[in-house]
Amino acid sequence: RLGDLSSSKQSGEQRRIVIPAGTYTNVNISIGPAENQDDQPLVIDGNGTTIFKGKSFIRIGRANVTLKGVRFEGGRSSAIEVSGANVRITQSQFSDCGDQAKPQSQCILILPGATASEIDFNRFENSYSMSVKLRAGAAGSVPQPTGAYIHHNIFQDIQRRSGNGQEPIQIAGPGGGESRD
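Residues numbered from 1 in each chain as written. Predicted model: local features only at pLDDT ≥ 70, side-chain atom pairs only at ≥ 80, totals over all residues. Heavy atoms only, no water.

Caption draft 1: Spatial organisation of the environment of Asn-26. Here Asn-26 shows up in the loop between strand 3 (22–25) and strand 4 (28–31). With 27 residues separating them in the primary sequence, Asn-26 and Lys-53 have C-alpha atoms 6.4 Å apart. Beyond its immediate chain neighbours, meaning those up to four positions away, Asn-26 contacts Lys-53, Gly-54, Lys-55 and Ser-56. (Helix = DSSP H or I, 4+ residues; strand = E, 2+ residues; numbered from the N terminus. Contact = heavy atoms within 4.5 Å.)

Caption draft 2: Seen up close, the environment of Ser-92. Following the sequence through the fold, Ser-92 ends up in the loop between strand 9 (87–90) and strand 10 (93–95). On the basis of relative accessibility, which here comes to 2%, the residue Ser-92 falls in the buried class. As a C-alpha pair, Ser-92 and Asp-120 span 28 residues in sequence and 8.7 Å in three-dimensional space. In contact with Ser-92, other than residues within four places in its own chain, are Leu-67, Lys-68, Gly-69, Val-70, Phe-121, Asn-122 and Arg-123. (Buried < 20%, exposed > 50% of the residue type's maximum accessible area, 1.4 Å probe, protein only.)

Caption draft 3: Structural context of the side chain of Asp-120. Here Asp-120 shows up in strand 12 (residues 118–120). Overall, the relative accessible area of 1% leaves Asp-120 in the buried class. Beyond its immediate sequence surroundings of up to four residues, Asp-120 is in contact with Arg-88, Ile-89, Thr-90, Gln-91, His-151, His-152 and Asn-153.

See below:
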C-alpha cells in the first residue's frame, strides 16, 4: 500500500512527492490532468528505493511532471504512459519489463499531447517488448508528441525473442501497433 501521496512538500516553485520506500505490486497510479491544474512543476521521487512489480502502471496526463528514482521489475507492457506535456522520466530502472507474448508493446509509451517529453538517465535491462515508444496521432491531430528528448539511457541484455518488436526506441505512426493492456 502506498499510503497518502497527496501530501506534498513545496519547495519554491516546485511541488515534491516522495514515494515511501518499499515494493509495491499491481499498483495503478494516475497523475492528472486535474480540473484546476496549475503549471507548477511536480516531482514524484522514489529515491531509488521504490520498486513496482506485477501489473503496476503509472499514467501521467498532467503537464510539468518529473518521475524519478523508481524501479519496475517484471510486470506488464506499458509500465508508464505519458500524455501530458513537459514530462520527464529520469534516473529509473526497468528490469524484465514488457510482455513476452507482445514484443510490439512497450515499457514507456509517449502519446499525442506529450510534447517536450524527456526520457533520460534510465536503465532498461532484459526488455521483453520495446523499451520506449513514441506514438504520433492521426494526421492533423494537435498536439503531436513533438520535441521528445531521449538521451543518456542504457539498454542492455535485450535478447531477441521475435522477428518484429523489441526495439530499444520506436517512433510509430498513428495506431502504432500494440500498446496497452
